Amino acid sequence: TSGKYGSFVDSRSSLTIKPINYYIIPRLKSTLALDATGGTAAVNTNVEVYTKANSNRMKWRIYPQKVVSGTVYYSIASALNNSFYAIITTTNAASGFNTYLQSPTTANGRFWSAEKTGNYYKFKSLAGTNLCLATDKTTASALVSGTNVSVTTCATTPAATTNSQQWTISTS
């Protein structure tokens, strides 16, 4: 399950990954996509959502990296430079921690499981306890270009936070 080459199918989450670039799009607003702020792949570059465009700053490579207790964990690498990964800090990781780019790192904050929720995925961090990638806004009307991305406690029941934690993975 590790490596950067070839197709991969995660039978637990039904996620099929190929060695191509993907947009990671918030469920709340399909006109936005995960973005490396400023179009720069550098240490500590913030991760946000921004109006979707055909730009590598909004494209990501998803690599299966490790299996822990039967769960596949992925790295989400920037297409600007695939040695920069979307991570959270692993020191006392908690809800509200910011997501940013870092390279190189083997820290648990770099690894995300993809959990299927209907037609969407939740990215759950290996760092901390029960933390999911989420937009900082929980309604479509509040979610605008430039909204920050962090982690929040993974929601298990239908609620506003559930939608802010759900993402589509798309090639277009």
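Look a little higher up for the structure.
For every chain, the first residue of the written sequence is number 1, and numbering continues from 1 along that sequence. In view of the model being predicted, local features appear only for residues whose pLDDT reaches at least 70, and side-chain atom pairs are presented and counted only at 80 or more, with totals across whole chains, interfaces and linings using the full set of residues. In computing side-chain properties, one takes all heavy atoms of the structure into account and sets aside hydrogens as well as water.

## Let's talk about the packing of aromatic side chains
Working definition: a ring pair exists when centres of Phe, Tyr or Trp rings (six-membered ring for Trp) sit within 6.5 Å. Plane angles under 30 degrees give stacked, over 60 give edge-to-face, the rest tilted. Scanning all chains against the criterion turns up 1 aromatic pair. Taking NZ or CZ as reference, arginine 57 lies 5.2 Å from the ring centre of tyrosine 50, over its face. Only lysine NZ and arginine CZ atoms are considered, and such an atom sits over a ring when it is within 6 Å of the ring centre and within 35 degrees of the ring normal. Above the face of the tyrosine 85 ring, arginine 110 is positioned so that its terminal group lies 3.7 Å from the ring centre.

## A few points about unusual backbone geometry
Backbone geometry at serine 14 places phi at a positive 65°, although glycine is not the residue there. Going along the chain from the N terminus, every DSSP run of H or I of four or more residues is numbered as a helix, and every run of E of two or more is numbered as a strand. If you trace the backbone, serine 14 turns up in the loop between β1 (8-10) and β2 (15-17). The backbone phi angle of serine 69 is positive, close to 50°, even though this residue is not glycine. Looking at the element boundaries, serine 69 is found in the loop between β6 (60-68) and β7 (71-78). Only protein chains enter the accessibility calculation, which uses a 1.4 Å probe; a residue is then buried when its area is under 20% of its type maximum, exposed when over 50%, and partly exposed in between. Taking relative accessible area as the criterion, serine 69 reaches 78% and is therefore assigned exposed.

## Observations regarding the pattern of salt bridges
Whenever a carboxyl oxygen of Asp or Glu lies within 4 Å of a side-chain nitrogen of Lys or Arg, that contact is scored as a salt bridge. In total, this model carries 2 salt bridges according to the counting rule given. Here aspartate 35 and arginine 57 are joined by a salt bridge, their closest N and O atoms 2.6 Å apart. With a gap of 22 residues between them, aspartate 35 in strand β4 (residues 32-36) and arginine 57 in the loop between β5 (47-51) and β6 connect regions that are remote in the sequence. Overall, the relative accessible area of 0% leaves aspartate 35 in the buried class. Among the residues examined, arginine 57 registers a relative accessible area of 21% and is labelled partly exposed.

## Things to note about the nonpolar core
Throughout, nonpolar core names a set of buried Ala, Val, Leu, Ile, Met, Phe, Trp, Tyr and Cys residues whose side chains join them through atoms within 4.5 Å. Core analysis: the largest hydrophobic core is formed by 33 residues, its most contacted members being Ile24, Trp60, Tyr74, Phe123 and Trp167. Residues in contact with phenylalanine 123, not counting those within four places in the same chain, are Ile24, Ile76, Trp112, Ser113, Ala114, Leu131, Cys132, Leu133, Trp167 and Ile169. Of all hydrophobic cores here, the second largest spans 5 residues; its members include Ala77, Tyr85, Ile87 and Tyr100. Contacts were defined at the residue level, with two residues in contact if any of their heavy atoms lie within 4.5 Å.

## Some words on the environment of valine 49
Considering the arrangement of structural elements, one finds valine 49 in strand β5. On the accessibility criterion, valine 49 (0% relative accessible area) is buried. Along the sequence, valine 49 and isoleucine 24 sit 25 residues apart, while their C-alpha atoms lie 9.1 Å from each other.

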